[in-house]
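# Results of the structural survey
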Amino acid sequence: MPRREGTPAGAGRAVRGGASRVTFDLKPYGEAVQLTVTHVNLRDEQEHRQISGGWSFVLANLKTYIETGRALPVPAWRP
């Protein structure tokens, strides 16, 4: 599998010092694929903690969808 990296449409928003940026890096990992998500240029540590929790749910939802064809329930998006 070739290594792939990408940035989702609409990722990032204006912050001091420029927009935040999200990259996805896929590479072979034995019989599986390793996904590394990198989100940079966040405003501060508080935003980093908030964003990290969101990514955990997004990735769990993606895994569930790939495995079952169904997304997690929408209320799971709400705190």
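First, a word on what this report is: a plain description of the structure on this page.

The subject of this paragraph is the pairing of strand β2 (residues 21-29). Every other side chain in a regular strand lies on the same face of the sheet, so the side chains alternate between the two faces. Where β2 meets strand β3 (residues 32-40), 9 bridges bridge the pair, whose relative direction is antiparallel. Following the sheet pairing, Asp25 is matched in β3 by Thr36. What sits between β2 and β3 in their antiparallel hairpin is a turn of 2 residues, with Gly30 showing a positive phi close to 65°.

Before going further, it helps to spend a moment on the environment of His39. Here His39 lies in strand β3. Counting along the chain gives 17 residues from His39 to Val22, while the straight-line C-alpha distance between them is 4.3 Å. In this view, His39 contacts Ser20, Arg21, Val22, Ile51 and Trp55; residues no more than four positions away in its chain are not counted. A polar atom in the side chain of His39 sits 3.2 Å from the side chain of Ser20. A polar atom in the side chain of His39 sits 3.0 Å from the side chain of Trp55.

Turning our attention to unusual backbone geometry. Phi is positive for Asn41, close to 65°, though the residue is something other than glycine. Checked against the element boundaries, Asn41 lands in the loop between β3 and α1 (45-68).

Enumeration according to the criterion identifies 1 aromatic pair in this entry. With a centroid separation of 5.7 Å and an interplanar angle of 75°, the aromatic rings of Phe24 and Trp55 are classed as edge-to-face. Of this pair, Phe24 sits in strand β2 while Trp55 is found in helix α1, placing the two residues 31 residues apart along the sequence.

This part is about α1. Spanning 24 residues, α1 covers 35 Å between terminal C-alpha atoms, matching the ideal 34 Å at 1.5 Å per step. Taken as a whole, α1 has its buried residues at Glu47, Trp55, Phe57 and Asn61. Residues of α1 that are buried make contact with β2 and β3. Capping of α1 at its N-terminal end is provided by Asp44; its side-chain oxygen lies 3.2 Å from the backbone amide nitrogen of Gln46. Directly after α1, the chain includes Gly69, whose backbone phi takes a positive value near 80°.

The rules behind these values
Residues numbered from 1 in each chain as written. Predicted model: local features only at pLDDT ≥ 70, side-chain atom pairs only at ≥ 80, totals over all residues. Heavy atoms only, no water. Pairing = 2+ DSSP bridges. Helix = DSSP H or I, 4+ residues; strand = E, 2+ residues; numbered from the N terminus. Contact = heavy atoms within 4.5 Å. Polar contact = N/O pair within 3.5 Å; in protein donor to acceptor, adjacent residues only side chain to side chain. Phe/Tyr/Trp six-rings, centres within 6.5 Å; stacked < 30°, edge-to-face > 60°. Expected span 1.5 Å × (residues − 1). Buried < 20%, exposed > 50% of the residue type's maximum accessible area, 1.4 Å probe, protein only.

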